[in-house]
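Architecture and fold: a report
Letter by letter, the chains look like this.
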Amino acid sequence: MFQEIRENNTYKMFLDGNWLKSENYIKIYSPIDNEFLGSIPAMSEKNVLEAIDSCEKNFKNWKDMPFFDRCKILLSSADKLFENREEIANILTKEISKDYKSSLAEVVRSVDLIREIVAEGKRINGEVLFGDRMSSQTKNKLCIVSREAIGTVLAISPFNYPINLSVSKIAPALIMGNTVLFKPATQGSISALLLIRTLELGGLPKGIINTVIGKGSIIGPIISKSSKIGMVNFTGSTSIGESLSNSFGMIPMTMELGGKDAAIVLSDADLEDAADNIVQGAFSYSGQRCTAIKRVLVMKDVSEKLNKLIKEKVSKLTVGNPFDNCIITPLISDDAANFVEKLIDDAVLKGAIRYTTGKRNKNLLYPTILENVSLDMDIAFEEPFGPVLPIIEVDSIQEAIEINNKSIYGLQSSIFGKNIDKIFNIAEKLECGTVNINGKSERGPDNFPFLGIKSSGMGVQGIRYSLEASSRIKSIVLNKK
Ligand code: G3H
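Residues numbered from 1 in each chain as written. Predicted model: local features only at pLDDT ≥ 70, side-chain atom pairs only at ≥ 80, totals over all residues. Heavy atoms only, no water.

Quick look at the sheet that holds strand β11 (residues 209-211) now. The strand order across the open sheet formed by six strands is β11-β10-β9-β12-β13-β23, and the pairing between neighbours is mixed. Each edge of the sheet is formed by a strand with only one pairing partner; in this case those strands are β11 and β23 (457-458). Here strand β13 (residues 253-256) runs beside β23; their pairing, made up of two bridges, is antiparallel. Its bridge partner being in β23, Glu256 is matched across the sheet by Gly457. (Pairing = 2+ DSSP bridges. Helix = DSSP H or I, 4+ residues; strand = E, 2+ residues; numbered from the N terminus.)

Spelled out as structure tokens, the structure:
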């Protein structure tokens, strides 16, 4: 099944429908134990330009293919992905150190996502509008609204969901008739190549998806000079998002960037339930999720009780090997662990009280709670992307809203409490894309709108919204005589 794409652990690039060797390679090691997992192509400028040209050359045939046939290919690819879920989850676990159960769930979630994208794709294509719905306007005009492909979609996925956050970009783009230039994160590329193989086996014609693999800092400038990219769909850091936006100028973009999701805990909250949600939300996959809960804003009168519950639950978090399904696993790199540790040290230096369940071992950081956090600490506003949770006490709801909004980010927030009127009033005032009532922040279910405001993103994802974003409206007006 995957023999085509590698020779002795040396992976190939997928260029114009062929698996080809590269001149240079990047070695990929597991963040779990430094095991050598394979070499991935470090594509040359020539390769990258060929990939872009292949997308351009094959666009017309793909967009002109009957919609039904595109659906069949995607559905058959979903079947291939499902058949190979265990092998893919196994590599995914090794490559990004995500616990095996969650890796498998990610692959299955992606199968489900492709199937639902196909189903929704069938629903959204076309409507007829009548001109005389506007009182002052004519009855003689009829508008036929359809959706058409944009061209080549540059899909850039992050390390933390190499399958799901690739599928969420690739599948809507393909079903709407676009070709895809696919740049996975370097750490995550092996899993992504397996995904591409399942699309190929599902019957995707040659040149409809082309990989660009290698160091983003080298490949990025080559792609960004191209005038052949029709749309960018990116998940990653805010700084790279900003630089993509500056380079590509006026083309449609969907971006999922950083976050600093707050959990606001009100005095009447069910504290046991809030603590459960907060600990799961903050620490699953060691906090390496854009939607992880990254700060708690708790009313002073319940903070002692809540902190105690959170600490009890954190002390039970399993730490270690992702193949043992531990919740806390080694972070993606030593640099990532150093960054988190620096934030913790800064907070402790400025008066935070640190609670942790163990000592750091290379890139394995034990879960850490920081109490007594104040707004002068970096951790109050920076996104750690690791297993640390700052707790900030607030005197009033107004203060919680102000701190929530005093952030460059605006992805999601959670409110825990019982008085629904009060909660709705707060929800309306929070500057973010989604407010979760009595639940942790999270992206799914994948048909819900998913968006960030301010530095957390551009555009809206979620099945229907992603299909709309991956296509443009063509409106044809019929003037009746
Ligand atoms: O890391 C960003 C992901 O979109 C978060 O998805 O909430 O399902 O973990 P999740």
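Time to look at helix α7 (residues 216-224). Buried within α7 are the following residues: Ile219, Ile222 and Ile223. All buried residues of α7 fall inside an arc of 95 degrees around its axis, so they share one side. (Buried < 20%, exposed > 50% of the residue type's maximum accessible area, 1.4 Å probe, protein only. Arc of directions from axis to C-beta.)

The next thing to look at is the nonpolar core. Core analysis: the biggest nonpolar cluster contains 137 residues, and Ile278, Leu306 and Ile310 have the highest contact counts within it. Once residues within four sequence positions are removed from consideration, Leu306 is found in contact with Val265, Leu271, Ala274, Ala275, Ile278, Val296 and Val298. (Core = buried A, V, L, I, M, F, W, Y, C linked by side-chain atoms within 4.5 Å. Contact = heavy atoms within 4.5 Å.)

Among the five residues of strand β10 (residues 179-183), five are classified as buried, and the element is accordingly described as predominantly covered. Burial along β10 is two-sided: the face carrying Thr179, Leu181 and Lys183 and the face carrying Val180 and Phe182 are both buried. Note that strand β9 (residues 152-156) and β10 share five bridges and pair parallel. Directly across from Val153, in β10, lies its bridge partner Val180. Handedness of the crossover is the feature at issue here: the chain leaves β9, passes through helix α5 (residues 164-175), returns alongside β10, and the resulting connection is right-handed. Running through helix α6 (residues 189-201), the crossover from β10 to the neighbouring parallel element β11 is right-handed. (Right-handed = clockwise from strand over helix to strand, strands pointing away.)

Okay, helix α11 (residues 334-349) next. Taking 1.5 Å of rise per residue, 16 residues should cover 22 Å, and α11 covers 22 Å from first to last C-alpha, within 8% of that figure. Those residues of α11 not exposed but buried are Ala336, Ala337, Val340, Leu343, Ile344, Asp346 and Ala347. Backbone geometry just after α11 places Gly351 at a positive phi near 110 degrees. (Expected span 1.5 Å × (residues − 1).)

We now examine the side chain of Thr291. Relative to the assigned elements, Thr291 resides in the loop between α9 (271-283) and β15 (293-299). Under the relative-accessibility criterion, Thr291 is labelled buried at 4%. Engagement of the side chain of Thr291 in a polar contact is seen with the side chain of Arg289, the distance being 3.1 Å. Look past the residues within four positions of Thr291 in its chain and what remains in contact with it is Asp261, Leu411, Gln412, Ser441, Glu442, Arg443 and Phe450. (Polar contact = N/O pair within 3.5 Å; in protein donor to acceptor, adjacent residues only side chain to side chain.)

Around the ligand, the surrounding shell consists of Arg109, Asn160, Tyr161, Leu165, Glu256, Arg289, Cys290, Thr291, Glu442, Arg443 and Phe450. Tyr161 is positioned such that a nitrogen or oxygen atom in its side chain is 2.3 Å from an oxygen atom of the ligand. Within the backbone of Cys290, one N or O atom sits 2.8 Å away from an oxygen atom of the ligand. Compared with its free state, where it exposes 310 Å², the ligand has 96% of that area covered by protein. Tallied by class, residues from the shell around the ligand come to four nonpolar, two polar and five charged. (Near = heavy atom within 4 Å. Areas by Shrake-Rupley, 256 points an atom, 1.4 Å probe, with all protein chains shown as cover. Nonpolar A, V, L, I, M, F, W, Y, C, P; charged D, E, K, R; others polar.)

With that settled, the discussion passes to the pattern of salt bridges. Pairing of side chains with opposite charge becomes possible as their charged atoms draw close. Throughout the structure, instances matching the rule amount to 31 salt bridges. Lys21 serves as the salt-bridge partner of Glu7, at 3.5 Å between the closest nitrogen and oxygen. In this pair, Glu7 is assigned in strand β1 (residues 6-7) and Lys21 in the loop between β4 (18-20) and β5 (25-29), connecting sequence segments 14 residues apart. The exposure class assigned to Glu7 is partly exposed, which follows from its relative accessible area of 41%. Taking the relative accessible area as the measure of exposure, Lys21 reaches 55% and is therefore exposed. (Salt bridge = Lys/Arg side-chain N within 4 Å of Asp/Glu carboxyl O.)

Attention now moves to the layout of surface pockets. Taken as a whole, the largest pocket holds about 1100 Å³ of empty space. Surrounding the largest pocket, 43 residues form its lining, Phe234, Thr235, Gly236, Ser237 and Ile240 being those nearest its centre. Mapped onto the lining of the largest pocket, the elements with two or more residues apiece are β9, α7, β12 (231-235), α8 (238-248) and α11. When grouped by side-chain class, the residues that make up the lining of the largest pocket number 20 nonpolar, 18 polar and five charged. By volume, the second largest pocket amounts to about 720 Å³. Residues that form the lining of the second largest pocket fall into these classes: nine nonpolar, seven polar and 12 charged. (1 Å grid on protein atoms, 1.4 Å probe; cavity = no way out; pocket = protein on both sides within 12 Å on 5 of 7 lines; lining within 4 Å. Points joined across faces, edges and corners; volume = space filled by probe spheres on them.)

Of all five residues in strand β20 (residues 412-416), five are buried; the element is thus mostly enclosed. Sheet analysis places strand β14 (residues 261-265) next to β20, joined by four bridges and oriented parallel. Counted as the bridge partner of Ala262 is Ser413 from β20. Of the pairings in the sheet, the one linking β20 to strand β21 (residues 434-437) comprises four bridges and is parallel in character. Residue pairing across strands places Ser414 opposite Asn436, the latter belonging to β21. Once the chain exits β20 it traverses helix α13 (residues 420-429) before rejoining the sheet at β21, and the crossover so formed is right-handed.

Attention now moves to the packing of aromatic side chains. For the coordinates displayed, the defined rule picks out four aromatic pairs. When the centroid spacing of 6.3 Å and the interplanar angle of 25 degrees are considered together, the rings of Tyr100 and Phe323 count as stacked. With Tyr100 in helix α4 (residues 100-124) and Phe323 in the loop between α10 (300-315) and α11, this pair connects stretches of sequence that are 223 residues apart. Tyr100 sits in the partly exposed class, given a relative accessible area of 21%. The class of Phe323 is partly exposed, set by a relative accessible area of 32%. (Phe/Tyr/Trp six-rings, centres within 6.5 Å; stacked < 30°, edge-to-face > 60°.)

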